[in-house]
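# Reading the structure
Residues per chain, in single letters:
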Amino acid sequence: MLDPKIIKDNPQRIRDMLKARAVEFNLDELVESDQKRRDLILKTDEMRKKKNQVAIEISQKKKSGDDISPSLAEMKNISGELAKLESLQGEIEKKYSNLALTIPNLIHESVPIGKDETANIEIKKWGTIPKFDFKINDHIDISANLDLVDLERAAKVAGARFYYLKNDLVRLNQSLIHYALDFLAEKNYSLVQPPYMINRQSMEGAIIADDFEEVIYKIDNEDLYMIGTSEHAMAAMRSDEIIEGKDLPLRFAGVSPCFRKEAGAHGRDQKGIFRVHQFDKIEQFVFARPEESWKEHERMLSVAEEFYQKLEIPYKVMLLSSADMGKVSAKTYDIEAWMAGQNAYREIVSCSNCLDYQARRLKIRFRDKTNEETQYLHTLNSTLVATSRVLVSIMENFQTNDGHIVIPKVLQKYMGKNII
RNA sequence: GCCAGGUUAGCCAAGUGGAACGGCGGCCGUCUCGAAAACGGCUACGCGCAAGCGUGCAGGGGUUCGAAUCCCUUACCUGGCGCCA
């Protein structure tokens, strides 16, 4: 949610953002309902004032023994009028908030304006792309040859885009998780394993309702949704709270499975474990003071970069364009890792600053002293590692001539071996 | 799942149909060379330039001229019973 003051005072700023994001949105309707809303608040407040006055009158008359029937009649009249005004106001408020909750976030000035991902800007490249003197395989063939993944039976049991991990790939997956947690704990992140299902209100705090259908699984007959990432549960973790300023920034390492419908992805990455309905992810999530959030954003990116440098996976950093970013983010970097079997860089990390957008929806505020005005804080999130994709990269980049996989050095002690 | 008791402001907490007691913590002021103590004010949210007005007693609904208070309902918390890895 945006600051309502911007809707009132600077709608042009929102209009520019909508254009840059290429998002359809009826801003005029929002501005109009906002104005109506304010007018109605004034009117109902006035009516309530009258009501309070008459209530006091009745109370006093009763004490002094005066006749209260004229006041009762007046009160009845006022209550009727008030009920009408209140229901009208309720309607308008609902219309307003439905609209207000679907406006995307503002865009940071450094974000390139463009109509799709072709406007993304490459910020840097790290590492040397591995060269092979033999014909290489992709992760699907490698994992089939080494009996590491069973896609057919997963399809039978759960459907397409599911998988059974098997044998040493289970251990490699756990090793990645274990290493990632050690890596962030070392940097003083607090480890959190969140609920994997959260209620609607929490989910709506973290994402825009429109995106529900495409991404989020719902539990039948329960007010519960499977998290698409621990970000959803971590953001809502501090909802309705006022955090002490001295505790900021709060840096969390969330570890959880992620569940995604991938509804719009028909035909893309159809095979293998690159694009799947369920994967494990270790996430950086930060609650920060507004004046520090851009610094934190860069910091999170560099933490993620360091992780891939340690894993010796070549990558490049992309600054996403206005139309390619998520709606809650004001600025997003992606890290794309080299995947030898596809001869391409593919997205593995998304690092976003959401400013106060989620904090407003979730009412997460802070202040330094208890009598001070509260302020919305800023939330940021970045993948550290989404394991399934990094497994793909490791399998493809570290494959050997005779069909095995060399374990990256930093993972060897977790695996207890150096080759699969 | 059943039964009982709860949910009031940053924290604690009173209030069982008629204007939200009080305390703690915090901020400002008076006093002081300075501080402490004492005293006074402020300390949830909305609208408003402001004065001010309104809202707010877990959420939603109802009864009533009037609801923190009575009724229904949902969520959560604490016990007890049941079930259970």
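What counts as what
- Residues numbered from 1 in each chain as written.
- Chains lettered and ligands numbered in written order.
- Predicted model: local features only at pLDDT ≥ 70, side-chain atom pairs only at ≥ 80, totals over all residues.
- Heavy atoms only, no water.
- Helix = DSSP H or I, 4+ residues; strand = E, 2+ residues; numbered from the N terminus.
- Buried < 20%, exposed > 50% of the residue type's maximum accessible area, 1.4 Å probe, protein only.
- Contact = heavy atoms within 4.5 Å.
- Lys, Arg positive; Asp, Glu negative; His and termini not counted.
- Charge placed at Lys NZ, Arg CZ, Asp CG, Glu CD.
- Core = buried A, V, L, I, M, F, W, Y, C linked by side-chain atoms within 4.5 Å.
- Pairing = 2+ DSSP bridges.
- Salt bridge = Lys/Arg side-chain N within 4 Å of Asp/Glu carboxyl O.
- pLDDT = per-residue confidence, 0-100.
- Axes fitted to C-alpha atoms, helices over the stretch in contact; angles between N-to-C directions.
- Left-handed = near helix turned anticlockwise from the far one by under 90°.
- Phe/Tyr/Trp six-rings, centres within 6.5 Å; stacked < 30°, edge-to-face > 60°.
- Lys NZ or Arg CZ within 6 Å of the ring centre and 35° of its normal.

## Digging into the overall build of chain A
From N to C terminus, chain A includes 14 helices and 15 strands. Counting over 420 residues, chain A shows a buried share of 48%. Restricting to contacts in chain A with at least 6 residues of sequence separation, those with at least 24 account for 74%. Placing the 61 positive and 66 negative side-chain charges of chain A at their respective mean positions leaves the two points 1 Å apart.

## With respect to the nonpolar core
Counting residues in each nonpolar core, the largest one holds 58 residues, and the members touching the most others are L172, L176, I282, F307, Y308 and I394. A total of 9 residues in this core trace back to one element, the largest contributor, which is helix α7 (residues 168-186). Among residues more than four places away in sequence, those in contact with I394 are L172, L176, I313, Q399, I405, V406, P408 and L411. Among the nonpolar cores identified, the runner-up in size contains 24 residues, and I216, A236, I364 and L377 belong to it.

## Some thoughts on the pairing of strand β12 (residues 344-353)
A large share of β12 lies buried, amounting to 7 of its 10 residues. Sheet topology places strand β11 (residues 331-339) next to β12; 9 bridges connect them, and they run antiparallel. Bridging across to β12, D334 finds its partner in S350. Taken together, β11 and the strand that follows it, β12, pair antiparallel across an intervening segment of 4 residues, in which N343 is found at a positive phi of about 55°. Of the strand pairs in this sheet, β12 and strand β15 (residues 378-386) are connected by 3 bridges, and their pairing is antiparallel. Residue C351 lies in a different strand from β15, and its bridge partner there is S382.

## Side note on the sheet that holds strand β7 (residues 242-244)
With respect to topology, 3 strands assemble into an open sheet ordered β7-β13-β14, the strand pairing being mixed. Looking at which strands have only one partner, the edges of the open sheet turn out to be β7 and β14 (375-376). With 3 bridges connecting them, β7 and strand β13 (residues 365-367) associate as parallel partners. Residue I243 lies in a different strand from β13, and its bridge partner there is F366.

## Concerning the pattern of salt bridges
Scanning all chains against the criterion turns up 31 salt bridges. One salt bridge in this structure joins D150 and R153, with 2.8 Å as the shortest N-O distance. In this structure D150 comes out as buried when scored by relative accessible area, which is 9%. Here the salt bridges share partners, and the residues they tie into one network are D34, R37, R38 and E93.

## Digging into the confidence of the model for chain A
Detailed reading of predicted coordinates is not advised where the pLDDT is low. Looking at chain A as a whole, the pLDDT averages 90, with 100% of positions reaching at least 70. Prediction confidence for the complex, expressed as pTM and ipTM, is 0.91 and 0.81 respectively.

## Some thoughts on the sheet that holds strand β8 (residues 250-259)
The mixed open sheet is built from 8 strands, whose spatial order is β1-β10-β11-β12-β15-β9-β8-β4. Because the sheet does not close on itself, it has two edges, and the strands there are β1 (121-126) and β4 (190-192). The sheet shows a mean angle of 25° between the axes of neighbouring strands, direction not considered. Sheet strands touched by helix α10 (residues 230-237): β4, β8, β9 (278-288) and β15. Its angle to β9, the strand with the most contacts, is close to 30°. Of the strands in this sheet, β9, β11, β12 and β15 are in contact with helix α13 (residues 387-397), which crosses β11 at around 35°.

## A few points about the packing of α7 against α13
Contact geometry of α7 with α13 gives a least axis separation of 10 Å together with a crossing angle of 115°. By crossing handedness, the relation of α7 to α13 is classed as right-handed. Residues L169, L172, N173, L176 and I177 of α7 form the contact with α13, whose participating residues are T387, V390, L391, I394 and M395.

## Points about the packing of aromatic side chains
Considering all chains together, one arrives at 10 aromatic pairs under this definition. Ring plane angle 75° and centroid distance 5.4 Å describe the contact between F132 and F134, whose orientation is recorded as edge-to-face. Judged by its relative accessible area of 25%, F132 falls in the partly exposed class. Aromatic rings pair up to connect Y179, F183, F307, Y308 and Y414 into one cluster. The residue whose ring lies beneath R37 is Y96, and the NZ or CZ to ring-centre distance is 4.3 Å.

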